[in-house]
Amino acid sequence: MDDNRQRILEATYACVARWGMAKTTVEDAAREAKVSRATVYRTFPGGRDELINAVVNWATLEFFGRLYEQVQGADSLETVMERGIMFAHRSIVEHEVLQRVMQTEPDKLLPALTFESNRIRRGIAEFLVPYLDQRGVAAGVDLGEAADFLARMVLSYMSAPGRWDLDDPVQVAQLVRAELLAGVVAVPSPMPTGAVGDPDGRR
Amino acid sequence: MLHLQVMSEGTDGAAPTSTGSVSPSPNRVRVIDATLSCLARQGTAKTTVDDIAREAGLSRATVYRVFPGGRDEVLAAVVDTEMARLFSALGVCLGEAQGLKEALVGGIVEASTRIRGHAALAYLVEHEPEMVLGHLAFDESDRLLATASRFTAPFLARWMSPMEAGRVAEWATRIVLSYVIVPSANLDLTDPARAAHLVETFVLPGIRALHDAGATAAIDITPFDFAAPPSAGPPDQPTAIQPKSEPSMPSMQ
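Note that this is a predicted model, so its numbers are computed, not measured.

## A look at the overall build of chain A
Turning to step 1, where the next piece is worked out: Across its full length, chain A holds 9 helices and 0 strands.
Turning to step 2, where the next piece is worked out: Beginning at the N terminus, the succession of helices and strands in chain A can be written as α-α-α-α-α-α-α-α-α.
Turning to step 3, where the next piece is worked out: Dimensions of chain A along its principal axes, counting C-alpha atoms only, are 60 × 40 × 25 Å.
Turning to step 4, where the next piece is worked out: Counting across all 203 residues of chain A, residues that qualify as buried make up 52%.
Turning to step 5, where the next piece is worked out: Within chain A, contacts between residues at least 6 apart in sequence are counted, and of these 64% link residues at least 24 apart.
Turning to step 6, where the next piece is worked out: As presented, chain A carries roughly 9300 Å² of accessible surface, and 52% of it is formed by carbon and sulfur atoms.
Turning to step 7, where the next piece is worked out: When the 23 basic and 29 acidic side-chain charges of chain A are each reduced to a single mean position, those positions are 7 Å apart.

Listed below in structure tokens is the structure:
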């Protein structure tokens, strides 16, 4: 990514964090990045719309970049999934800009985020394939289909934990080993001891 | 954003009139169905009370008599009604199922088919995505999961403990939402054979593992016979899961 592009995106992100998506203009981004309007338009010929979509894409990649750092080098499929889900859940809860924009401008953010999620889902699936391959999938399970299923479920749990307490390592381990991996892997993952918490007792 | 208030009927204009109408406000249903036709054609932004009245073959005054709040109230009632229709169809399907696998496959196919085949919803997803997406992300999505799983869990509790049923109901809802929002080329869940494949491959083994994981829980685990270990037999073997009692209509509360 060339310097200007990176600089403008960071500046736009700062503007969105401050003022929201609707109020951020090309002028704001240019001023924040200390470049001219013309430079912004040269880098993002589509103007504001392109800039806003690009910043959602940039922030999403940044998010998943950090997630990738958390899970790469993990020694097992279970560890990858458990660490990934816990980290992603924490990061979303603590992501101030995401939370604020979700509160104030979901109609602006969600279409862009939905568009991104397609690519993200494929990325997660591709990342999981070698782990699945190494772990060995159950007879009759298609590797690609399983990786896609896992990516869908990971995205579902990280955006909406539902009845699961994703801050509790035991619950996450049980979630991963039951709902995510039980049908996928050839040899079942050992289940951590301790009961699956009563979901209705949680709230 | 459309207001989602599931199963909470507000004023429905169903009060019997002096002319003594017997059915609960046929005008209400007419207005709702007419609105659905308008939405499928032109979305929420362009649909006016006049459009709705014309489509329903009623006067504007009648529409306002049934829905004094006008367009917004009609739209909220449409969401309520469509959710209630989806849930009642699901209830029939889950209530009639003879076994857990049949319930899961039937429920997934029913929900996927109804959502995918919903013309008004399809228009909104295409042209006014912000109307729909708000319900499918983060906190709102949690609420939708809770609503759907609270409704479906009692049906599944015929084959497992209430706690397990809650988890499985939520899981099945996630699966439906994911594959409905972004269809998969090889796992079309409106196709009973593909849905059965997904349930056999991913869901039933997961339920067994959930059950085993919860075996130490200090809660009532209803006797639950998963005779066959995961992937022990050919996938088309009838599942060993049996209802713990005669199928009956579970309480909707």
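## Digging into the overall build of chain B
Turning to step 1, where the next piece is worked out: If you tally the helices and strands in chain B, you get 10 helices and 0 strands.
Turning to step 2, where the next piece is worked out: Reading the helices (α) and strands (β) of chain B from amino to carboxyl end gives α-α-α-α-α-α-α-α-α-α.
Turning to step 3, where the next piece is worked out: Residues counted as buried form 51% of the 253 residues belonging to chain B.
Turning to step 4, where the next piece is worked out: Partitioning the contacts of chain B with sequence separation of at least 6, the portion at a separation of at least 24 is 68%.
Turning to step 5, where the next piece is worked out: When the accessible surface of chain B is split by element, carbon and sulfur atoms take 57% of a total near 11700 Å².

## Digging into helix H5 (residues 100-116) of chain B
Turning to step 1, where the next piece is worked out: In this model, H5(B) (17 residues) spans 24 Å end to end at C-alpha, consistent with the 24 Å of a helix rising 1.5 Å per residue.
Turning to step 2, where the next piece is worked out: Taken residue by residue, H5(B) has B:Leu100, B:Lys101, B:Ala103, B:Leu104, B:Val105, B:Gly107, B:Ile108, B:Val109, B:Ala111 and B:Ser112 as its buried positions.

## Remarks on helix H7 (residues 106-135) of chain A
Turning to step 1, where the next piece is worked out: Along its length, H7(A) reaches its greatest deviation from straightness, about 30°, at A:Val129, and the proline A:Pro130 lies no more than four positions downstream.
Turning to step 2, where the next piece is worked out: Where H7(A) ends, the next residue or the one after it, A:Gly136, has phi of about 90°, a positive value.

## As for the side chain of B:Thr62
Residue and element names in this part refer to chain B.
Turning to step 1, where the next piece is worked out: The residue Thr62 is located in helix H3 (residues 60-66) in this model.
Turning to step 2, where the next piece is worked out: Look at Thr62 and you get buried, because its relative accessible area is 11%.
Turning to step 3, where the next piece is worked out: Within the local environment of Thr62, its side chain forms a polar contact with the side chain of Ser59, the two groups lying 2.8 Å apart.

## Quick notes on the confidence of the model for chain B
Residues and elements named next belong to chain B.
Turning to step 1, where the next piece is worked out: Averaged over all residues, the pLDDT of chain B equals 80, while 75% of them reach at least 70.
Turning to step 2, where the next piece is worked out: In the predicted structure, residues 3-22 sits below a pLDDT of 50 and forms 26 contacts with residues beyond four places in sequence or in another chain.
Turning to step 3, where the next piece is worked out: Below a pLDDT of 50 lies the segment residues 215-253, which in the model reaches 55 contacts outside its immediate sequence neighbourhood of four places, other chains included.
Turning to step 4, where the next piece is worked out: Both confidence scores are given for the complex: pTM 0.81, ipTM 0.88.

## Some remarks on the interface of chain A and chain B
Turning to step 1, where the next piece is worked out: Facing the 44 residues of chain A at the interface are 40 residues of chain B.
Turning to step 2, where the next piece is worked out: When chain A packs against chain B, close to 3500 Å² is buried across both sides, 63% of that on carbon and sulfur atoms.
Turning to step 3, where the next piece is worked out: Considering only the side of chain A, the residues that lose the most area to chain B are A:Glu145, A:Arg152 and A:Arg163, jointly responsible for 20% of the buried surface there.
Turning to step 4, where the next piece is worked out: On the surface where chain A and chain B come into contact, there are 2 salt bridges.
Turning to step 5, where the next piece is worked out: We note a salt bridge from A:Glu145 to B:Arg194, for which the minimum N-O separation is 3.3 Å.

## Overview of the environment of A:Ile52
Residue and element names in this part refer to chain A.
Turning to step 1, where the next piece is worked out: Here Ile52 shows up in helix H4 (residues 48-71).
Turning to step 2, where the next piece is worked out: Residues Ile52 and Thr24, spaced 28 residues apart in sequence, show a C-alpha to C-alpha distance of 8.5 Å.
Turning to step 3, where the next piece is worked out: What Ile52 contacts, discounting residues up to four positions off in sequence, is Val16, Met21 and Thr24.

## Digging into the pattern of salt bridges
Turning to step 1, where the next piece is worked out: Applying the stated criterion to the full structure yields 23 salt bridges over all chains.
Turning to step 2, where the next piece is worked out: In this structure, A:Arg119 engages A:Glu116 in a salt bridge whose closest nitrogen and oxygen atoms are separated by 3.5 Å. Taken together, the residues A:Arg119 and A:Glu116, both in helix H7 and 3 residues apart, mark about one turn of the helix.
Turning to step 3, where the next piece is worked out: For A:Glu116, a relative accessible area of 4% puts it in the buried group.
Turning to step 4, where the next piece is worked out: A salt bridge links A:Arg163 to B:Glu170; its shortest N-O distance comes to 3.8 Å. A residue pair is termed interchain when its members come from two chains, as with A:Arg163 in the loop between helix H8 (143-159) and helix H9 (169-180) and B:Glu170 in helix H9 (residues 162-181). Side by side, A:Arg163 and B:Glu170 carry an identical accessibility label, which is buried.

## Looking at the environment of A:Val154
Residues and elements named next belong to chain A.
Turning to step 1, where the next piece is worked out: Summarising the element assignment, Val154 is placed in helix H8.
Turning to step 2, where the next piece is worked out: On the basis of relative accessible area, Val154 is assigned to the buried category, the value being 9%.
Turning to step 3, where the next piece is worked out: For Val154, the contacting residues outside a window of four places in its chain are Met81, Ile85 and Ile124.

## So, the packing of helix H1 (residues 3-19) of chain A against H4(A)
All names here are of chain A.
Turning to step 1, where the next piece is worked out: Two numbers describe how H1 lies on H4: the axes approach to 9 Å, and their chain directions differ by 95°. Put simply, H1 runs roughly perpendicular to H4. On the side of H1, the interface is formed by Arg5, Gln6, Ile8, Leu9, Glu10, Thr12, Tyr13 and Val16, while H4 contributes Leu51, Ile52, Ala54, Val55, Trp58 and Ala59.
Turning to step 2, where the next piece is worked out: Its residues assigned to classes, the contact of H1 with H4 comprises 10 nonpolar, 2 polar and 2 charged.

The rules behind the values
- Residues numbered from 1 in each chain as written.
- Chains lettered and ligands numbered in written order.
- Predicted model: local features only at pLDDT ≥ 70, side-chain atom pairs only at ≥ 80, totals over all residues.
- Heavy atoms only, no water.
- Helix = DSSP H or I, 4+ residues; strand = E, 2+ residues; numbered from the N terminus.
- Buried < 20%, exposed > 50% of the residue type's maximum accessible area, 1.4 Å probe, protein only.
- Contact = heavy atoms within 4.5 Å.
- Areas by Shrake-Rupley, 256 points an atom, 1.4 Å probe, with all protein chains shown as cover.
- Lys, Arg positive; Asp, Glu negative; His and termini not counted.
- Charge placed at Lys NZ, Arg CZ, Asp CG, Glu CD.
- Expected span 1.5 Å × (residues − 1).
- Bend = angle between axes of the 7 residues up to and from the residue.
- Polar contact = N/O pair within 3.5 Å; in protein donor to acceptor, adjacent residues only side chain to side chain.
- pLDDT = per-residue confidence, 0-100.
- Buried area = accessible area lost by both parts, 1.4 Å probe.
- Salt bridge = Lys/Arg side-chain N within 4 Å of Asp/Glu carboxyl O.
- Axes fitted to C-alpha atoms, helices over the stretch in contact; angles between N-to-C directions.
- Parallel < 35°, antiparallel > 145°, perpendicular 65-115°, else oblique.
- Nonpolar A, V, L, I, M, F, W, Y, C, P; charged D, E, K, R; others polar.

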